[in-house]
Amino acid sequence: MPESTVRIGLVLPDVMGTYGDSGNALILRQRLRMRGIDAEIVEITLADPVPDSLDVYTLGGAEDSAQRLATRHLIRYPGLQKAAERGAPVLAICAAIQVLGHWYETSAGERVEGVSLLDVTTSPQATRSIGEVITRPLIDGLTQPLTGFENHRGGTALGPDATALGAVTHGVGNGVGDGREGVVQGSVISTYMHGPALARNPELADLLLARALGVTALEPLHLDEVDRLRRERLAVGR
Ligand code: GLN
């Protein structure tokens, strides 16, 4: 376990933070503190260069115009890309999947070059996907169903270097008819699940934290309120 403070990068909450996505950083911090580990959130706004030295990073969702500002900033200051290259865990929500891909097309039909951390491209779908989404996780270290709330017009197609986070059992996920949700590549885990995702999926939070701490796994925390929230949210899929 680290003797120094774990530093959690909250990337561009001023433009990317739909549906309380910034809460993901709070949850990471709280789960560390509950285990007696010092942690702090470093907010990186459009006024700051993106540092490459933090231990874990989170990015939230955004509307098309806000996500365009974020894309420009992340390309101009490639700290996130450098951190991901050295293996720092990154959690990217909704619009952030699109921003981190090769390119995305806005609902107005304009193509925007992305950061190219993920081998994905995103184009608008005929209809917006809105509602609860539940998946069966497809990556090692996750055993429990994942739950979130999706709201996106973009549909994301995965290239050969990217794999899905989950198999959809309720809702839409990456694109209508695709049956998969989220994108995993290197140290980046991305998902269309808002919620914020880590409030609903403690196993995912602890997976990111274990990677940030360089340990294989963390002892689970037993929190009745989180169990209750999960029971309630997962019931919509029955
Ligand atoms: N603007 C993007 C879309 O509609 C992402 C939306 C979001 O992050 N909620 O696909």
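For the structure itself, look to the data block above.
Here the structure is a predicted model, which is why all the values come from computation and not from measurement.

(A) Quick look at helix H7 (residues 224–234). Within the sequence span of H7, burial applies to Val226, Arg230 and Leu234. Projected down its long axis, H7 shows its buried positions confined to an angular sector of 55°, all on one face. Structural note: H7 exposes Asp224 and Arg231 on the side pointing more than 90 degrees away from its buried face. If you follow the buried residues of H7, they end up packed against strand E7 (120–137), strand E8 (146–158), helix H5 (197–200) and helix H6 (202–213).

(B) Here's a closer look at the site of the ligand. Ala62, Asp64, Cys94, Asn151 and Gly154 are the nearest of the 14 residues found near the ligand. Interatomic distance of 3.0 Å between a side-chain N/O atom of Gln98 and an oxygen atom of the ligand. Separating a nitrogen atom of the ligand from a side-chain N or O atom of His194 is a distance of 3.1 Å. In isolation the ligand offers 300 Å² of accessible surface; the protein chains occlude 94% of this area. Taken together, the elements giving at least two residues each to the shell around the ligand come down to helix H2 (64–76), helix H4 (95–100) and E8. Residues belonging to the shell around the ligand are distributed by class as follows: three nonpolar, seven polar and four charged.

(C) Geometry of the environment of Leu74. Structurally, Leu74 is set in helix H2. Look at Leu74 and you get buried, because its relative accessible area is 0%. Taking the C-alpha atoms as reference points, Leu74 and Gly114, 40 residues apart in sequence, are found 9.0 Å from one another. Ignoring anything within four residues of it in the chain, the contact list for Leu74 reads Val11, Leu12, Val50, Leu59, Gln81, Val99, Leu100 and Val115.

(D) Structural view of the packing of helix H1 (residues 23–33) against H6. Look at H1 against H6: their axes get within 10 Å of each other, and the N-to-C directions meet at 70°. One element, H1, and the other, H6, form an angle in the roughly perpendicular class. Of the residues in H6, those touching H1 at Ile27, Leu28, Arg31 and Leu32 are Pro202, Ala205, Asp206, Leu208, Leu209 and Leu213. Considering only residue class, the contact of H1 with H6 consists of eight nonpolar, no polar and two charged.

(E) Inspection of the pattern of salt bridges at higher detail. Inspection of every chain in the model, using the stated rule, returns nine salt bridges. Here Glu105 makes a salt bridge to Arg111, at a shortest N to O gap of 4.0 Å. Note on Glu105: relative accessible area 24%, which makes it partly exposed. Assessed through its relative accessible area of 48%, Arg111 is described here as partly exposed. Residue Asp178 is joined to Arg180 by a salt bridge in which the shortest nitrogen-to-oxygen separation is 3.2 Å. Residue classification places Arg180 among the partly exposed residues on the basis of a relative accessible area of 32%.

(F) Just the side chain of Glu150, in detail. Locating Glu150 in the fold gives a position in strand E8. At a separation of 2.7 Å, a polar atom in the side chain of Glu150 contacts the main-chain amide nitrogen of Val172. Residues within four places of Glu150 in sequence aside, it is in contact with Ser129, Ile130, Gly131, Glu132, Val133, Gly171, Val172, Gly173 and Tyr192.

The rules behind the values
Residues numbered from 1 in each chain as written. Predicted model: local features only at pLDDT ≥ 70, side-chain atom pairs only at ≥ 80, totals over all residues. Heavy atoms only, no water. Buried < 20%, exposed > 50% of the residue type's maximum accessible area, 1.4 Å probe, protein only. Helix = DSSP H or I, 4+ residues; strand = E, 2+ residues; numbered from the N terminus. Arc of directions from axis to C-beta. Contact = heavy atoms within 4.5 Å. Near = heavy atom within 4 Å. Polar contact = N/O pair within 3.5 Å; in protein donor to acceptor, adjacent residues only side chain to side chain. Areas by Shrake-Rupley, 256 points an atom, 1.4 Å probe, with all protein chains shown as cover. Nonpolar A, V, L, I, M, F, W, Y, C, P; charged D, E, K, R; others polar. Axes fitted to C-alpha atoms, helices over the stretch in contact; angles between N-to-C directions. Parallel < 35°, antiparallel > 145°, perpendicular 65-115°, else oblique. Salt bridge = Lys/Arg side-chain N within 4 Å of Asp/Glu carboxyl O.

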